[in-house]
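This is what each chain is made of:
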Amino acid sequence: MLTPEDTAQLAAANVTREFPNFPAHLTTGPDEDTRPSTLHPAFYGAYDWHSSVHMHWLLVRTLPALPAATRATYTEILDRHLTLPHLTTEAAYLLDRPGFERPYGWAWLTALAAECRNTPYEAAFAPAMDAVERLLTTWLPKATYPVRHGVHSNSAFALGLILDTGAAAGLPESTLDSVRTRLRTWFGDDHDAPAHWEPSGQDFLSPALTEADAMRRVLDAAGFETWLDRFLPALRTGAPCPVLDVPVVSDHADPQIGHLLGLALSRAAALRHIAAALPADSPVRARLTEAADAHLTAGLPAVDSGDFTTDHWLATFAELARDA
């Protein structure tokens, strides 16, 4: 398991590493400067934009656990990256390209802004959070259908993360209410989730569990227990339920197959949260907790593999799982 110093070193190495880089950028002409650090002065590292954002989140989150003598090494990086001019540029980029990183990157940017509350970086996030609010306000009313698969554009995971962190990040309550309403509209009548279809070959999120985890945020305790019984009836009957089985990862270094390592960790977090929303004496709660422990045990050893394929992102999901 990584120590706080190990975690900070890993995050810092990633957010300052500009190459290799996989930009999701539409080039509009032959003379355009497409260097990552030009397009994204704050979030140019860690292979792709969203990974850079959540590796910054991990670094900020880890700072309080570091000895004062070593903290300055990492705050110097944050001082360079998380400035008002840089975050204004990032906000403008998002507003100019409303589909960019929707909604996964928006959610991690919100989580980072929340993590920076009461720090020297808090004020710099005002334009970024204004951008996220405007993007959500425009997108949510026309998002008739959710995206249900197990990779970045999954709707339930992102909106759940926004609900967890949006208030601290400065998003208005009216915007968060719109998120809650959209989640209920999308998922409120769902039943008999096709859990036997999981996982797909490059999932790092569980479609069923991210949805359930989102719904426990927007339903009261009794309503959520009833909804979960309809959605995953096998949990109460004791029948096999594939989302409780630790995924097999045949090649940790394969960029897509390696996503399944993240699936183990994101499932661990979701299972723990869902379990905690159920009555203490519920047999379903005990079953979910046991599965969460197995997933966490399977996923944690890969976090410090030394392979950039996973090192540029996996530790953030380990943190989510440990914190659940």
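Small disclaimer: the values here were computed from a predicted structure and weren't measured.

Chemist: How would you sum up the overall build of the protein? Please name residues and give values.
Modeler: Looking only at helices and strands, the protein features 16 helices and 0 strands. Expected size for 324 residues packed as a compact globule is a radius of gyration near 20 Å; at 19 Å, the protein falls within 12% of this value. Projecting the C-alpha coordinates of the protein onto the three principal axes gives extents of approximately 60 × 40 × 40 Å. Relative to its full complement of 324 residues, the protein shows a buried share of 52%. Counting contacts in the protein only where the partners sit at least 6 residues apart, residues at least 24 apart contribute 74% of the total. Just so you have it, the protein exposes about 13,800 Å², and 55% of that area is on carbon and sulfur atoms. Averaging the positions of the 23 positive and the 40 negative side-chain charges in the protein gives two centres separated by 5 Å.

Chemist: Break down the packing of helix 6 (residues 104-115) against helix 8 (residues 155-169) for me, with residues and values.
Modeler: Direction vectors running N to C along helix 6 and helix 8 enclose 30°, while the axes themselves pass 8 Å from each other. When the axis of helix 6 is compared with that of helix 8, the two are roughly parallel. As for the relative orientation of helix 6 and helix 8, their crossing is left-handed in sense. Where helix 6 abuts helix 8, its residues Tyr104, Ala107, Trp108, Thr110, Ala111, Ala113 and Ala114 lie against Phe157, Ala158, Leu161, Ile162, Thr165, Gly166, Ala168 and Ala169. For the contact of helix 6 with helix 8, the residue count by class is 12 nonpolar, 3 polar and no charged.

Chemist: Can you explain the packing of helix 13 (residues 259-276) against helix 16 (residues 314-323)? Please cite residues and give values.
Modeler: Close contact between helix 13 and helix 16 brings their axes to 8 Å; oriented N to C, the two are set at 20°. Classified by the interaxial angle, the pair formed by helix 13 and helix 16 is roughly parallel. The element helix 13 and its partner helix 16 pack so that their crossing is left-handed. Here Leu261, Gly262, Leu265, Ser266, Ala268, Ala269 and Arg272 of helix 13 lie close against helix 16, whose contacting residues are Leu314, Phe317, Ala318, Leu320, Ala321 and Arg322. For the contact of helix 13 with helix 16, the residue count by class is 9 nonpolar, 2 polar and 2 charged.

Chemist: Which residues make up unusual backbone geometry, and what are the values?
Modeler: Across the junction of Arg102 and Pro103, the peptide omega takes the value -5°, indicating a cis bond. Here Glu198 and Pro199 are connected by a cis peptide whose omega angle stands at -5°. Assignment of secondary structure puts Pro199 in the loop between helix 9 (173-187) and helix 10 (207-215). Phi is positive for Asp192, which is not a glycine, with a value near 50°. Relative to the assigned elements, Asp192 resides in the loop between helix 9 and helix 10.

Chemist: Residues and numbers for the nonpolar core, please.
Modeler: One finds Leu109, Phe125 and Leu232 to be the most contacted residues of the largest nonpolar core, which totals 108 residues. For this core, the element with the most residues is helix 13, which contributes 10 residues. When sequence neighbours within four positions are dropped, the list of residues in contact with Leu232 reads Ala193, Ala195, Ala208, Leu209 and Cys241.

Chemist: Can you lay out the confidence of the model for the protein for me, pointing to particular residues and giving the numbers?
Modeler: For the protein, the mean per-residue pLDDT works out to 97, and 100% of the residues sit at or above 70. Across the protein, the element-wise mean pLDDT spans from 92 in helix 15 (residues 308-311) up to 99 in helix 6.

Chemist: Run through empty space enclosed by the protein, naming residues and quoting values.
Modeler: Applying the stated criterion to the full structure yields 1 cavity of 30 Å³ or more. As a volume, the largest cavity reaches approximately 30 Å³. Around the largest cavity, the lining residues are Glu225, Leu228, Asp229, Leu232, Leu235, Arg236, Leu278 and Val284. In terms of residue count, the dominant contributor to the lining of the largest cavity is helix 11 (residues 221-231) (3 residues). Among the residues making up the lining of the largest cavity, the classes are represented as 5 nonpolar, no polar and 3 charged.

Calculation notes
Residues numbered from 1 in each chain as written. Predicted model: local features only at pLDDT ≥ 70, side-chain atom pairs only at ≥ 80, totals over all residues. Heavy atoms only, no water. Helix = DSSP H or I, 4+ residues; strand = E, 2+ residues; numbered from the N terminus. Rg over C-alpha atoms; globule rule 2.2 N^0.38 Å. Buried < 20%, exposed > 50% of the residue type's maximum accessible area, 1.4 Å probe, protein only. Contact = heavy atoms within 4.5 Å. Areas by Shrake-Rupley, 256 points an atom, 1.4 Å probe, with all protein chains shown as cover. Lys, Arg positive; Asp, Glu negative; His and termini not counted. Charge placed at Lys NZ, Arg CZ, Asp CG, Glu CD. Axes fitted to C-alpha atoms, helices over the stretch in contact; angles between N-to-C directions. Parallel < 35°, antiparallel > 145°, perpendicular 65-115°, else oblique. Left-handed = near helix turned anticlockwise from the far one by under 90°. Nonpolar A, V, L, I, M, F, W, Y, C, P; charged D, E, K, R; others polar. Core = buried A, V, L, I, M, F, W, Y, C linked by side-chain atoms within 4.5 Å. pLDDT = per-residue confidence, 0-100. 1 Å grid on protein atoms, 1.4 Å probe; cavity = no way out; pocket = protein on both sides within 12 Å on 5 of 7 lines; lining within 4 Å. Points joined across faces, edges and corners; volume = space filled by probe spheres on them.

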